[in-house]
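Coordinates in review
Residues per chain are reported as follows:
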Amino acid sequence: MSRLRASLTPYALLFPGTLWLAIFFVIPTVVMLSLSLQSGDVVNGYAFTFNWHSYVDGISTYHDQIIRSLVYGLASTLIQIVIGFPVAYWIAFKGGSRKSVYLFMLLLPFLVSFVLRTISWQFFLSDNGLLLGPLKSAGLVPQDFHILATSAAVIGGLAYNFLPFMILPMYVALERIDPRVLEAAQDLYASKAQTFLRVVLPLSLPGVFAGVLMTFVPATSDYVNASVLGGTSNTMVGNVIQNQFLINQDYPTASALSFTLMALLLVGIFAYARALGTEDVLEVAAR
Amino acid sequence: MNHPHGKDPAFLRGMTQRRLGRRDAFRLAGLSAAGLALAACGVKGKGTAKPTSSAQAQSEVEAYWSGKTKNGHVDFANWPLYMDPKQPELKQFTKQTGITVTYKEVIQDNPSWFAKIQPQLAAGQSIDYDLMVVTNGLHFTQLVQLGYLVPLDHAKLPNFTANAGERYKNESFDPGNVYSIPWASGMTGIAYNPKYVDTPPTSMADLWNPKYKGKVGMMSDSQEIANFGLFALGIDPDKSTEADWEKAAAKLQAQRDAGIVRKYYDQAYIDPLAKGDIWLTMAWSGDVFQKNVSDGTDLKFVLPKEGATIWTDNMMIPKTAANPVDAITLMDFFYDVDVAGKLAEYINYVTPVPAAKDVIAADAAKATGEDKKLLDMVAGSELVFPTDDDYARLRSYKNFATPQEQKKFESIFQAITTA
């Protein structure tokens, strides 16, 4: 009896999570996959017809937006690494007893709603706003210069909005590095640069990888930044999907685009894992 | 599940090694895949036959309303900025009728509201509102076609019968007001910021003027932007054909390619206009007035000489409403001349009750100072009481005959706004 109970325990422990995944992830995903192969309209209903055209048409019409999203996602992720790594490094190694205070300060702006933060950027960057207004009246930038409605504004917004999700995993990886390892490197006559490049950096890579996972994916599929900070030529695939779902009620095309994006992101992540030489992607992400 | 690279060994390893939970999840996914056929009928067709004769419509009205009684409460879903936040009208209504009202500003735009209520209405469930306001156009038509709206009993609408303007009793989207009566109308024209624009715009051509490069706002809504392209070419949107749409799209594309358009806005164009990010923009009539009153800005609104669109937000009762009698009583209450006047004073959109003008004028005569100035402005405003000359220039949205036609239209114009 007790052996039976023992063998059932893992299942019992897994049950809530599995149920949650099944209801809120697996079923919607299957429904979406099914939807992407249907044809019809809201009034007359949709029928399952193996309509692959939603994929073909969706990709041929919106490949520009898909590529743009990947480029924006990638650019914002790189910016986040460049900005985030030194911050994470500093907090982990020089933060001393105030580490948690610095981390809290880092997270503080993110207690404000995502959309509101983006809109406040819009205020800050507007053509005659807090930043450009004084610069223009001082004659430092030309009158018709603007930041909003450019790729830079959207990429900047994405980088800003997801930054903590990049810094925190990197911080965790760096913080875990045993100081004795660094002492050992010095004892073996490694210079500071060598210690960093050959000890700290490799040990921090799992954190960078997790950070990229947590920022590249949401940044690529984001639509808020493009709609608030972007202009006519900054539409991302997330905006198209939102449009197809809510405005056109073209559920098949919207689902097909979502799946295409998901496939591209998965391929990208696994290729990245390979390039980084990570054996087991999910293992690393779970750290 | 759709994993296009399921053969990737890293992927397989990650998915299968030492991870009971994940393997279980995968088995479950297999089961779900078997249930794919089931999921396939997740979105059913619900189109219903519409009554073809007035007698038939009348019998539907009687069938619905017989046995329905007053319950003493009504839940009202409306758009933001569509009533004085102190809700004096609703307080007066409760005082007069004893019916309490829960008023919520939950409708942000038609598509998302439709997406929110459609599944519940399809399942025959309550949407928690007895009265809602939806604009004429695609979603209104779909609500009617899907049979989600209650046919109105005009015997319960004496004020409407007596006070509604003739124009609002026979609108092309709901002839004879079978399912709806107007809440307010508004126009889509050009708003500009006189701080940056010296010569007031008068025609559509001003939105194509290279002088305003990068400073023009256009709307992302297909109907709205299409209308402007069509007007610019001198075509009446309601009578336009597919060939006309292509021409209008080319015109709008040229405007985009020349870098004149700053952005295609959903509805957040008024702040950028006030801040100077854009200098002139497509705009809805009441927004400009409300912004000026609330923020002390000096934005202007014009109806271009080629024409402009008029749209109507309509009150209607969803089929699953719990308190239809209370809802229709409230609908009729807003057609009381005094109430309509007070409402128009605040929201500054076109009231469907022409006699409200006298009420506002009388209020203005009694008032002093700033209030008087404001009320005089409202009573004299062509945005609240358009003249016959204005009406002659105003056109309705295109009504689509088939979903295919609609889809074609959307794809032509969205290619511009979402490129």
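Computed from a predicted structure; not experimentally measured.

Topic: the overall build of chain B
A tally of regular secondary structure across chain B gives 19 helices and 10 strands. By the burial criterion, 44% of the 419 residues in chain B qualify as buried. Nonlocal contacts in chain B, meaning residues at least 24 apart in sequence, comprise 77% of its contacts between residues at least 6 apart.

Comments concerning the overall build of chain A
From N to C terminus, chain A includes 12 helices and two strands. Reading the secondary structure of chain A in the N-to-C direction produces α-β-β-α-α-α-α-α-α-α-α-α-α-α. For the C-alpha atoms alone, the extent of chain A along its principal axes is close to 80 × 75 × 35 Å. Relative to its 287 residues, chain A shows a buried fraction of 37%. Contacts spanning at least 24 positions in sequence make up 69% of the contacts within chain A whose residues lie at least 6 apart.

With respect to unusual backbone geometry
Most peptide bonds are trans, and most residues other than glycine sit at a negative phi. Residue and element names in this part refer to chain A. In this model, Phe 50 sits at a positive phi of 50°, which is unusual for a non-glycine residue. Residue placement: Phe 50 occurs in the loop between β2 (45-48) and α2 (53-94). Its identity as a non-glycine residue notwithstanding, Ala 149 has a phi of 65°, on the positive side. On the secondary structure map, Ala 149 appears in the loop between α5 (132-137) and α6 (151-175). For Ala 149, a count of 23 C-beta atoms within 10 Å gives the class buried.

A look at the pairing of strand β1 (residues 73-77) of chain B
Residues and elements named next belong to chain B. Counting buried residues in β1 gives four out of five residues, a clear majority hidden from the surface. Pairing geometry for β1 and strand β2 (residues 100-104), over five bridges, is parallel. Following the sheet pairing, Phe 76 is matched in β2 by Tyr 103. Read from β1 through helix α5 (residues 88-97) to β2, the crossover connection turns out right-handed. Of the pairings in the sheet, the one linking β1 to strand β3 (residues 131-135) comprises two bridges and is parallel in character. Across the sheet, residue Ala 77 finds its bridge partner in β3, namely Met 132.

Considerations on the UniProt feature "domain: ABC transmembrane type-1" (unreviewed entry) in chain A
With numbering aligned to this structure, UniProt lists the feature "domain: ABC transmembrane type-1" (unreviewed entry) at residues 66-272 of chain A. With 77% helix and 0% strand, the stretch residues 66-272 of chain A has end C-alpha atoms that lie 19 Å from each other.

Structural notes on the packing of helix α11 (residues 242-257) of chain B against helix α19 (residues 403-417) of chain B
Residue and element names in this part refer to chain B. As a packed pair, α11 and α19 sit with axes 9 Å apart at the nearest point and diverge in direction by 10°. What the angle tells us is that α11 and α19 run roughly parallel. Counted together, Glu 242, Trp 245, Glu 246, Ala 249, Leu 252, Gln 253 and Arg 256 of α11 and Lys 408, Phe 409, Ile 412, Phe 413 and Ile 416 of α19 form the full contact between these two elements. In terms of residue class, the contact of α11 with α19 is made up of seven nonpolar, one polar and four charged.

Details of the packing of helix α1 (residues 2-36) of chain A against helix α11 (residues 251-276) of chain A
Residues and elements named next belong to chain A. At a closest axis distance of 7 Å, the pairing of α1 and α11 adopts a crossing angle of 120°. Considering the angle they form, α1 stands oblique to α11. Here α1 and α11 pass one another in a crossing that is left-handed. Between α1, through Met 32, Leu 33, Leu 35 and Ser 36, and α11, the contact on the second element is made entirely by Tyr 251, Pro 252, Ser 255, Ala 256, Ser 258 and Phe 259.

Considerations on the UniProt feature "transmembrane region" (unreviewed entry) in chain A
If you check UniProt for "transmembrane region" (unreviewed entry), the listed places come out as residues 12-35, 70-91, 103-125, 145-174, 195-217 and 253-273 of chain A in our numbering. The span residues 253-273 of chain A is 100% helix and 0% strand, and its two end C-alpha atoms sit 30 Å from each other.

Observations concerning the nonpolar core
In a soluble, globular protein the nonpolar side chains are often hidden away together inside. Ranked by internal contacts, the top residues of the largest apolar core, which has 108 residues, are B:Leu131, B:Ala191, B:Leu280 and B:Leu330. Setting aside chain neighbours within four positions, we find B:Ala191 in contact with B:Leu273, B:Leu280, B:Thr281, B:Ala283, B:Val288, B:Leu299, B:Lys300 and B:Phe301. Counting residues in each nonpolar core, the second largest holds 51 residues, with A:Val154, A:Phe165, A:Val237 and A:Tyr251 among its members.

Here we look at the pairing of β2(A)
Residues and elements named next belong to chain A. Relative to β2, strand β1 (residues 38-41) runs antiparallel, the two being bridged by four bridges. Along β2, the bridge assignment pairs Gln 38 with Phe 48. The loop that links β1 with its antiparallel partner β2 comprises three residues.

As for the environment of A:Val237
All names here are of chain A. Considering the arrangement of structural elements, one finds Val 237 in helix α10 (residues 237-247). Note on Val 237: 30 C-beta atoms within 10 Å, which makes it buried. When residues no more than four places from it in sequence are discounted, the contact partners of Val 237 are Tyr 62, Gln 65, Ile 66, Ser 69, Leu 257 and Leu 261.

A short note on the environment of B:Asp338
Checked against the element boundaries, B:Asp338 lands in helix α15 (residues 337-347). Measuring from C-alpha to C-alpha, the distance between B:Asp338 and B:Asp358 comes to 9.3 Å, with 20 residues separating the pair along the chain.

Considering α6(A)
Residue and element names in this part refer to chain A. With 25 residues, α6 should reach 36 Å at 1.5 Å per residue; the first-to-last C-alpha distance of 35 Å fits that figure. Of all the bends found along α6, the most pronounced is centred on Phe 162 and spans about 50°, while Pro 164, a proline, follows it within four residues. The buried fraction of α6 amounts to 18 of the 25 residues, a majority that puts the element mostly inside the structure.

A short note on the confidence of the model for chain B
Residues of chain B with pLDDT of at least 70 account for 87%, and the chain-wide mean is 84. Low pLDDT (under 50) marks residues 1-42 of chain B, which in the prediction has 52 contacts with non-local residues, meaning those over four places away or in another chain.

The rules behind the values
- Residues numbered from 1 in each chain as written.
- Chains lettered and ligands numbered in written order.
- Predicted model: local features only at pLDDT ≥ 70, side-chain atom pairs only at ≥ 80, totals over all residues.
- Helix = DSSP H or I, 4+ residues; strand = E, 2+ residues; numbered from the N terminus.
- Buried ≥ 20, exposed ≤ 12 C-beta atoms within 10 Å, placed from the backbone.
- Contact = placed C-beta atoms within 7 Å.
- Pairing = 2+ DSSP bridges.
- Right-handed = clockwise from strand over helix to strand, strands pointing away.
- UniProt positions renumbered as here; feature names shortened; annotations may be inferred.
- Axes fitted to C-alpha atoms, helices over the stretch in contact; angles between N-to-C directions.
- Parallel < 35°, antiparallel > 145°, perpendicular 65-115°, else oblique.
- Nonpolar A, V, L, I, M, F, W, Y, C, P; charged D, E, K, R; others polar.
- Left-handed = near helix turned anticlockwise from the far one by under 90°.
- Core = buried A, V, L, I, M, F, W, Y, C linked by C-beta atoms within 7 Å.
- Expected span 1.5 Å × (residues − 1).
- Bend = angle between axes of the 7 residues up to and from the residue.
- pLDDT = per-residue confidence, 0-100.

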